[in-house]
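Coordinate inspection notes
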Amino acid sequence: MTSEYLWLLLAFPALGVLVNGLVGSRFRETTVAAIAVSSVGLSLAVALGFFWKMTTAAPVARIVATTLYTWLSDGALQIRVGLLLDPLAMVMVLVVLGIGFLIHIYSASYMKGDEGYRRFFVYLNLFIFFMLLLVLADNLVLTFVGWEGVGLCSYLLIGFWHQKKSACDAGRKAFIVNRIGDFGFILGMLLIIVVFQTVDYRELATIVKGSHGVSPGIIALMALLLFMGAMGKSAQFPLHVWLPDAMEGPTPVSALIHAATMVNAGVYLMCRVSPLLGQSPEVILVISAVGLTTAVYAALSALGQTDIKRVLAYSTVSQIGFMFVAVGSGMYAAGIFHLVTHGIFKGLLFLGAGAVIHAMNGEQEISRMGGLFLEIPATAVAFIAGLLALAGVFPMAGFFSKDAILWGSFEHFGMTFWLVAFAGALLTALYCGKLFGVFFGPKKYDGHLHLPSRLMVWPLAILAAGALTAGLLGFPMFTKDTVFARFLGFPATALTADAGALHNLEIIMTVLQGVAILAILTAAVYMFTKKKDRMAALGDAFPRTAALLAGGFGLDRINDVLLVRPVKILARFNARIIDSRIIDGAVNGAGYLTMFAGRLLAGLQTGQLRHYAFSVIAGTFLVLGTALYFAGLF
Amino acid sequence: METVIFWILSAFAVAVALAVVFFKRAVNGVMSLLALMLALAGLYVLMGAPLVAFFQVIVYVGAVLVLFAFVIMLLNLKESVQPLISLVDVKAVAPAVLFAVGIVVLTWLALRDAAFSKAAALQQPVIGLRQIALDLFTKHLLVFELASVVLLVAAVAAIVISRKEGERP
Amino acid sequence: MTLYHFVGLGMALFAIGAAGFFIRNNAVVLLLCIEIMLNAVNLIFASFARFLYGTEGQIFIFIIMMIAAAEAAVGLGIIIALYRSHKTLDMSLIKDLKG
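Along every chain, residues carry numbers that run from 1 in the direction the sequence is written. Labels are handed out in written order, letters beginning with A for the chains and numbers beginning with 1 for the ligands. Per-residue local features are limited, in this predicted model, to residues with pLDDT of at least 70; the limit for side-chain atom pairs, both in listing and counting, is 80 or more; totals at the level of whole chains, interfaces and linings are taken over all residues. Excluded from the side-chain calculations are hydrogens and water; all other atoms, namely the structure's heavy atoms, are used.

Attention shifts here to the overall build of chain B. Helices and strands together make up the secondary structure of chain B, namely 7 helices and 0 strands. In chain B, the succession of α and β elements from N to C terminus is α-α-α-α-α-α-α. Only protein chains enter the calculation, and the probe is 1.4 Å; a residue is then buried if its accessible area is under 20% of its type maximum, exposed if over 50%, and partly exposed in between. The 169 residues of chain B split such that 38% are buried. Residue pairs in contact within chain B that sit at least 24 positions apart in sequence constitute 46% of those at least 6 positions apart. Using the Shrake-Rupley algorithm and a 1.4 Å probe, accessible areas are obtained, with residue cover drawn only from the displayed protein chains. If you sum the accessible surface of chain B, you get close to 9900 Å²; carbon and sulfur atoms cover 74% of it. A helix here means a DSSP run of H or I that spans at least four residues, while a strand means a run of E at least two residues long, and both kinds are numbered starting from the N terminus. Contacts are assigned to residue pairs that have any heavy atoms within 4.5 Å of one another.

Right under this line is the structure:
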């Protein structure tokens, strides 16, 4: 296929960054937005072209690869700037560019009048560039470049309103927590380089599938270290603490980076290195366990949040947990499927939340919202579609993807595991019901409402349509051989034998789950809209429980006590004792020594021309004599 | 015959060089240096480099030394200068002697290299003017032109340095 | 005559110039001593050019002469400026090079 055009995907956003970044200060807001949106749009057009080619091509020929440049070369180890567009990358590219495009359009209106308008779009385009680099890279090192790049953009955008201290702190927190994960990523990468002498995904897959003679323990260690990186980026327990705080950034950023794309990079990475995971069952168990813990834990925390964006943030953490459950169950296709649907409806929810916040002049507290349905009907309908999809109500996208994951976990790990995962799904329905309270029930806000502009509503409508229809990709139901999985072409690991078979049990469980979720959701909607005050009273009745949930089970407190304070004490010790006594002493000592030596040597500086000439000629003699000596002339 | 001329010129050159160093008055030093230049020109002729001898006379005798003489006249020194350091001052004279000896010794050591003894025995035909001119204006043209730039800069610099404070040239 | 004769003479002249630089106080004479050294070097170049049979040695001399002329011009300019500001050319009395 036409691999020579692959670089275009990256080129357009990069061009957008350059144009807006270098000369954008002269442009009006509309010009800046037009450039940013069209750069992503052009890139999306190219991606769609590739997608068209790919769907019409035979499954084996669905790989487009190109090497732009050999970055490092050391014997067997070759690190290339190579792009690889296979179905997995294609899906990610479409998610990034599709949702990214809509969010760009939305932001053009949402950010209107902000003094950092241009800066915002430069960062956003830069983010798209790095995200595409991450996705398209054909080796671990280049992926890591994109990985760090999106981390940087995330940091910049969380702290976008840098006048606010909380925003700066949140940005720093995200950066530092991600460092912990990246530390694992780097170690894993180095281990792979040392052991396999390659970082190329395809070479790696070939080696790992063959008889490589590397002990399973080492492979497990590699997978575990890479998973650590994934945990940081994808906000998995206990490295998730940065994501709720990341909501300090502008809402479109939360939608794009902290819901639809970047935070899913960990899932993507795990799929990329799936051959390694396939050889280490223990790590798979770890991944599933972490995913499940996160899913349930974050769903509980979401329940306790009062800020609309923080609810969604914890929800994101929880949903990514589900994705990791899928990856751990060996169901990469289901994990990616949930990634796509989640990207769509969570992007939708964040944008909708942004519209609500925008309408209410920056109000984010759920308790002060209510009865907005009639005020902003289009936004409300779209938002509710997103909520239904998130909860997993039947015809919506979330239903299909979550069902596939739940069944996979049952099949792979058994009843207990499934029960916990199912509880997580029910909790999801519960906090979704809570968000219904924003639109229904008593009106709580009587100020002037800012109606969202058309530029903001249209992306919502498109995403809502996506949330409604993306489930079609999960057809035919109750099989592993869905449209989506077939396109992805992932070997369904051990499940190939009965991939097309129906399971009666699965049908029963699906119906059961669907009904249960619907029941819980209905109940929750009733409670949180009609009996809103009683629900609020409930929180007051059990203040400690409420505080526990709201604080994410006090993990920030624990981190504070276990990590932050010791580091601070150490820093204080360093500052008071080591720095002021030892280091300053050494520095001052060096100063005194220099002054002493200077006073000694100053005697040489007489001002007499003769003495300087003496030095010059003596030096010449020294050099000449040395040269002659080594030439063997005396 | 040539050897005799060489020795005569050499002895003369060394003598006038010493005279430059030891004459009290700068004017006498300049005149001695002029004699040294002429002696060297003679030596150049002797070694088959008439072109160099020619330039030696024009550039040094004709230009540089005249410039020196002009400056001395211009300044009209009233002999307030302590001309020589005291020759019994060991601290000052020792480095001079040391360096003079050192130069001789070092050069001598360098000349013991076998390549030189071979070269010393060679008697090549004299290089023609034409060859030098060709090389100067083809192979070494850039250096030649750069040297002219240096000269120009030096001329401007000399004017700037020597003008009076606040005086516009 | 051999290479040694000419190089020996050049060496002697250079040594005289160098020694003179150390024992004289008059700035003009110091410049004269520098000229002696330059000429000594020129002589050595010329003799090597003669004995190695190349044009480069002579061309080098031309360039050195040009530089020497430039140096003399600037050097004398400095001497004039020095005399104006210090009213003397006695280098043992001028200690401005001290920082």
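Moving on, we come to the overall build of chain C. A count of helical and extended segments in chain C gives 3 helices and 0 strands. Counting from the amino terminus, chain C carries its helices and strands in the arrangement α-α-α. By the burial criterion, 67% of the 99 residues in chain C qualify as buried.

It is worth spelling out the pairing of strand β2 (residues 77-85) of chain A at this point. Residues and elements named next belong to chain A. Counting buried residues along β2, 8 of its 9 residues qualify, which places the element largely inside the surrounding structure. Should DSSP find at least two bridges between two strands, the strands are regarded as paired. As judged from the 9 bridges shared by strand β1 (residues 64-74) and β2, these two strands associate in the antiparallel manner. Bridge pairing in β2 links Thr66 to Leu83.

Residues and elements named next belong to chain A. Between Lys or Arg on one side and Asp or Glu on the other, a salt bridge is scored when a side-chain nitrogen of the former is within 4 Å of a carboxyl oxygen of the latter. A full pass over the atoms with the stated rule returns 11 salt bridges over all chains. Between Arg179 and Glu148 there is a salt bridge whose closest N-O contact spans 2.5 Å. Placement of the pair is Arg179 in helix α6 (residues 165-196) and Glu148 in helix α5 (residues 140-158), with a sequence separation of 31 residues. Residue classification places Arg179 among the partly exposed positions, given a relative accessible area of 31%. Residues Asp169 and Arg172 are paired through a salt bridge, measuring 2.8 Å at the closest nitrogen-oxygen approach. With a gap of 3 residues between them, Asp169 and Arg172 both fall in helix α6, about one helical turn apart.

The next point concerns the interface of chain A and chain B. Opposite the 10 residues of chain A that make contact, chain B presents 10 residues. Roughly 910 Å² is buried in total at the junction of chain A and chain B, and carbon and sulfur atoms are behind 85% of that figure. The tally of links between chain A and chain B comes to 0 salt bridges. Whenever two N or O atoms come within 3.5 Å, that pair is a polar contact, provided that in protein one can donate a hydrogen and the other can accept it, and provided that, for residues adjacent in sequence, both atoms are side-chain atoms. In this assembly, chain A and chain B are joined by 0 residue pairs in polar contact (both at pLDDT 80 or more). Defined in terms of a 1.4 Å probe, buried area is the accessible area two parts forfeit on being brought together, summed over both.

This part takes up the packing of aromatic side chains. Residue and element names in this part refer to chain A. Any two of the Phe, Tyr and Trp rings considered here, Trp counted by its six-membered ring, make a pair once their centres fall within 6.5 Å; the pair's planes then place it as stacked at under 30 degrees, edge-to-face at over 60, or tilted in between. All told, the structure shown has 27 aromatic pairs over all chains when counted by the stated rule. Linked through ring pairs, Tyr117, Phe120, Phe121, Tyr123, Phe160 and Trp161 together constitute an aromatic cluster. Seen from the ring of Phe160, Arg119 lies directly overhead, with NZ or CZ sitting 4.3 Å from the centre. Lying across the ring of Phe175, Arg179 places its NZ or CZ 4.5 Å from the centre. Placement of a positive charge over a ring is assigned whenever Lys NZ or Arg CZ falls within 6 Å of the ring centre and within 35 degrees of the normal to the ring plane.

Tallying the contact residues gives 87 residues for chain B and 68 residues for chain C. Between chain B and chain C, a total of about 7100 Å² is buried, with carbon and sulfur atoms accounting for 78% of that surface. Contact with chain C buries surface across chain B, with Met47(B), Tyr60(B) and Phe68(B) losing the most and accounting together for 9% of the total. There are 1 salt bridge connecting chain B and chain C. Ionic pairing is found between Glu56(C) and Lys139(B), a salt bridge with its closest N-O pair at 3.1 Å.

Further remarks concern the nonpolar core. Here, nonpolar core means buried Ala, Val, Leu, Ile, Met, Phe, Trp, Tyr and Cys residues that are tied together by side-chain atoms lying within 4.5 Å of each other. Judged by nonpolar contacts, the single largest core of 207 residues is most densely connected at Leu85(A), Met131(A), Leu140(A) and Met270(A). Sorting elements by how many residues they give to this core places helix α15 (residues 332-359) of chain A first, with 18 residues. Lining this core are residues from two domains, each supplying at least three of them: domain 1 (1-279) and domain 2 (305-541) of chain A. Core analysis: the next-biggest nonpolar cluster, separate from the first, contains 87 residues, Leu36(B), Leu43(B), Ile36(C) and Met91(C) among them. The domain boundaries here were taken from an automatic or database domain assignment.

For helix α6 (residues 129-137) of chain B, the set of buried residues is Ile132(B), Asp135(B) and Leu136(B). The buried residues of α6(B) occupy one face: seen down the axis, they fall within an arc of 100°. Looking at the packing, one finds that the buried side of α6(B) touches α3 (50-75) and α7 (141-162) of chain B together with α3 (56-86) of chain C. The arc in question is the one spanned by the directions pointing from the helix axis to the C-beta atoms.

Residues and elements named next belong to chain A. Cis geometry marks the peptide bond from Phe237 to Pro238, where omega comes out at 0°. Its location among the elements puts Pro238 in the loop between α8 (216-233) and α9 (242-245). A positive phi angle, near 60°, is found at Gln197, a position not held by glycine. With respect to the helices, strands and loops of the structure, Gln197 is situated in the loop between α6 and α7 (201-209). Located in the positive-phi region is Ala235, a residue other than glycine, with phi close to 55°.

All names here are of chain A. For the pair helix α3 (residues 87-110) and helix α4 (residues 117-136), the least separation of the axes is 10 Å and the interaxial angle reads 175°. It follows that α3 is roughly antiparallel to α4 by the angle criterion. Seen from α3, the contacting residues are Ala89, Met92, Val93, Val96, Leu97, Gly100, His104, Ser107 and Ala108; seen from α4, they are Tyr117, Phe120, Phe121, Leu124, Asn125, Ile128, Met131, Leu132, Val135 and Leu136. Here the contact of α3 with α4 is built from residues that sort into 15 nonpolar, 4 polar and no charged. Only the stretch in contact is used when a helix axis is fitted, and all axes are lines through C-alpha atoms; the angle between N-to-C directions ranges over 0 to 180 degrees. We call two directions roughly parallel when the angle between them is under 35 degrees, roughly antiparallel when it is over 145, roughly perpendicular when it lies between 65 and 115, and oblique otherwise. Residues are grouped as follows: Ala, Val, Leu, Ile, Met, Phe, Trp, Tyr, Cys and Pro are nonpolar; Asp, Glu, Lys and Arg are charged; all remaining types, including Gly, are polar.

So, about the side chain of Thr379(A). Among the structural elements, Thr379(A) can be located in helix α16 (residues 377-391). Ignoring any residue separated from it by four or fewer positions in sequence, one finds Thr379(A) in contact with Gly352(A), Ala355(A), Pro452(A) and Leu460(A).

Attention now moves to the packing of helix α13 (residues 281-304) of chain A against helix α18 (residues 415-436) of chain A. Residues and elements named next belong to chain A. Packing of α13 against α18 leaves a shortest axis separation of 9 Å and a crossing angle of 25°. Here α18 runs roughly parallel to α13, going by the angle between their axes. Taken as a pair, α13 and α18 cross one another with a handedness that is left-handed. The segment α13 lies against α18, with Ser288, Leu292, Val296, Ala299, Leu300, Ala302, Leu303 and Gly304 engaging Phe417, Val420, Ala421, Gly424, Leu427, Leu430, Tyr431 and Lys434. Its residues assigned to classes, the contact of α13 with α18 shows 12 nonpolar, 3 polar and 1 charged. In this scheme the handedness of a crossing depends on how the near helix is turned from the far one: anticlockwise by less than a right angle means left-handed, clockwise means right-handed.

Below, the discussion takes up the side chain of Asn39(C). Here Asn39(C) lies in helix α2 (residues 27-52). Of the residues examined, Asn39(C) reaches a relative accessible area of 0% and is grouped as buried.

Averaged over all residues, the pLDDT of chain C equals 85, while 97% of them reach at least 70. The ipTM, which scores confidence in the relative placement of chains, is 0.89 for this predicted complex, and the corresponding pTM is 0.65. Confidence of the prediction at every residue is given by pLDDT, a number between 0 and 100.

Turning next to a nonpolar patch on the surface. Residue and element names in this part refer to chain A. Patch membership is restricted to residues that have no salt bridge and whose relative accessible area is over 30%. Joining uses 9 Å for like charges and 5 Å for the nonpolar side chains Val, Leu, Ile, Met, Phe, Trp and Tyr. Together, Trp7, Leu68, Tyr69, Trp71 and Leu72 give the surface a local cluster of nonpolar side chains, amounting to about 540 Å² of exposed area. Here the element with the most residues in the nonpolar patch is β1; it accounts for 4 residues. Along the chain, Trp7 turns up in helix α1 (residues 7-23).

Our next topic: the environment of Ala382(A). Residue and element names in this part refer to chain A. By the secondary structure assignment, Ala382 is in helix α16. Residue classification places Ala382 among the buried residues on the basis of a relative accessible area of 4%. Ala382 sits 33 residues away from Leu349 along the chain, and the two C-alpha atoms are 8.1 Å apart. Sequence-distant contacts of Ala382, defined by excluding residues within four places in its chain, comprise Leu348, Leu460 and Ala464.

Below, the discussion takes up the environment of Phe160(A). Residues and elements named next belong to chain A. The residue Phe160 is located in the loop between α5 and α6 in this model. Accessibility expressed as a relative area gives 0% for Phe160, which makes it buried. Residues Phe160 and Gly116, spaced 44 residues apart in sequence, show a C-alpha to C-alpha distance of 8.2 Å.

On to helix α17 (residues 397-413) of chain A, then. Residue and element names in this part refer to chain A. Compared with an ideal rise of 1.5 Å per residue, which puts 17 residues at 24 Å, α17 spans 25 Å between its outermost C-alpha atoms and is within 8% of the ideal. In terms of residue burial, α17 counts as a mostly covered element, since 13 of its 17 residues are buried. Positive phi shows up at Gly414, right after α17, with a value of about 100°. Every helix has an expected span of 1.5 Å times one less than the residues it contains.

Here the focus is the environment of Leu132(A). Residue and element names in this part refer to chain A. Inspection of the secondary structure assignment puts Leu132 in helix α4. As for Leu132 and Thr143, which are separated by 11 residues in sequence, their C-alpha atoms are 9.5 Å apart. Beyond its immediate sequence surroundings of up to four residues, Leu132 is in contact with Leu9, Leu10, Pro13, Ser43, Val93, Val96 and Leu97.

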